[in-house]
Structure formats: structure tokens, C-alpha cells
Amino acid sequence: MAILKVARLGHPVLRMKAEPLPVEKIRSADVQRLIDDMVETMHEYDGAGLAGNQVHELVQVAVIEVEANPRYPDAPVIPLTIVINPMVTPLSEEIEDGWEGCLSVPDMRGMVPRYTAVRLDCYDREANRVSLLAKDFFARVIQHETDHLNGIVYIDRMRDLRTLSHIAEWNKHWLGVREQND
Ligand code: NI
């Protein structure tokens, strides 16, 4: 396994669309190694998720996991989820603002509106079809990672760039400022 280099904001790969992975290739050694490396990279940098673009691979693969995470001390636990060729469908019109960060936008936080509940249809790493319903923080992370695969970063979704904060200032001035419902 290896820790991969993470592209930061400004690298064009973050603005490109990742290609769907042919289902018959999901179980190949190359794809399995990429998934293992992405999981290791996400752990190394305490990310809640990581998408292919972020490690310079334009394939529709993302990994998501939240354990006890020092970058998101209040976040609920999300088991390791491997997301391949995702389709995300909002389950209601309800949108909620919440704080996000991104390993490609280091040391920053911003308030981002997201659907509070989505259905995710994708493949897992064994090439099984998966369909799951996600709410709240899990739904948020799914939307954030799927956006990456479409060349979108969270800053593009922000309604008010004045909440964009360096983490040190965020800890002083914004920590504990709760989400506002729409
Ligand atoms: Ni990100």
C-alpha cells in the first residue's frame, strides 16, 4: 500500500470529470490497489473521504469513512464505504448548511448547503450493486465526494464566501456555530 499525492486547489485535475469504471475492471489488481491506497491516504490525512481526482486518477472511485476523527470531532461514525460509479438522487427538497473541509483545500472550512437525505446507487469494490439511503453528515460526504468526481469542489457550492475560514480562525470564531436550516 502507498500514500498517494493529493492534488490541491488550483490543480486542473480537480476540475476534470472522472470516467466511469467498467464494471468488469473493478476486481482487477490495479483497481483494488488504487482503492487500498486511497483508503490509506484518507487515513494518513484524517480525511472523511477521498475521490479519484484528488489522487490524480480520473476514475469514478471514492472512499468514505469517519471513525473518531480529530478533524471532525463532532461527526457521527460512518463505516468504510467504497463508492464506484455513483449516482446520487436527493430524497427531499430539504437543504441544510453545514461546515465542510477538503484535503485538496488544506486547513480551510466553509459553510456549504447540501441535501439532507440522498439515495446512493453505486458499485462496491467486489463489483456488487449497492443502493443505500443516507442522511445528514453521511449524505453530505456523499455529495461532496460525488461532486469531486464531476470536477466540483465545495467552494463552488458555497452561498456566502464570507464563511470561508482558515482552520485556526475557524476554531476561534466559528466552532460551535451551528448549521442553519433553509
Ligand atoms: Ni474534498
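Look a little higher up for the structure.
None of these values were measured; they are calculated from a predicted model.

Student: Hey, could you run me through the pattern of salt bridges in this one?
Tutor: Think of it this way: side chains of opposite charge can pair up when their charged atoms draw near. Within this structure, the stated rule accounts for 10 salt bridges. The closest approach of N and O atoms between D36 and R125, which form a salt bridge, is 2.9 Å. Of this pair, D36 sits in helix α1 (residues 29–44) while R125 sits in the loop between β6 (117–123) and β7 (129–135); the two residues are 89 residues apart in sequence, bridging distant segments of the chain. We classify D36 as partly exposed; its relative accessible area is 26%. Salt-bridge contacts for D147 lead to R157; the nearest nitrogen and oxygen are separated by 2.8 Å. One end of the pair, D147, is in helix α2 (residues 136–149); the other, R157, is in helix α3 (residues 154–157), with 10 residues separating them in the sequence. Using a relative accessible area of 38% as the deciding quantity, one classes R157 as partly exposed. A single network of salt bridges, built from pairs that share partners, joins E100, R114, R140, D147 and R157.

Student: Where do I start with the coordination of the nickel ion in this structure?
Tutor: In the first shell of the nickel ion, the protein supplies C102 (SG), H144 (NE2) and H148 (NE2), at 2.1 to 2.2 Å from the metal. In primary sequence terms, the donor set of the nickel ion follows C-x41-H-x3-H. Within this pair, H144 and its partner H148 are both found in helix α2, separated by 4 residues, close to a single helical turn. You'll find H144 and H148 in the same group, each marked buried.

Student: Looking at this structure, how should I read the environment of D107?
Tutor: Within the fold, D107 resides in strand β5 (residues 105–115). For the pair D107 and H166, spaced 59 residues apart in sequence, the C-alpha separation works out to 5.7 Å. Look past the residues within four positions of D107 in its chain and what remains in contact with it is S165, H166 and I167.

Analysis parameters
Residues numbered from 1 in each chain as written. Predicted model: local features only at pLDDT ≥ 70, side-chain atom pairs only at ≥ 80, totals over all residues. Heavy atoms only, no water. Salt bridge = Lys/Arg side-chain N within 4 Å of Asp/Glu carboxyl O. Helix = DSSP H or I, 4+ residues; strand = E, 2+ residues; numbered from the N terminus. Buried < 20%, exposed > 50% of the residue type's maximum accessible area, 1.4 Å probe, protein only. Donors = N, O, S within 2.8 Å, 3.2 Å for Na, K, Ca; no water. Contact = heavy atoms within 4.5 Å.

Geometric descriptors of this kind do not, in isolation, establish any biological role.
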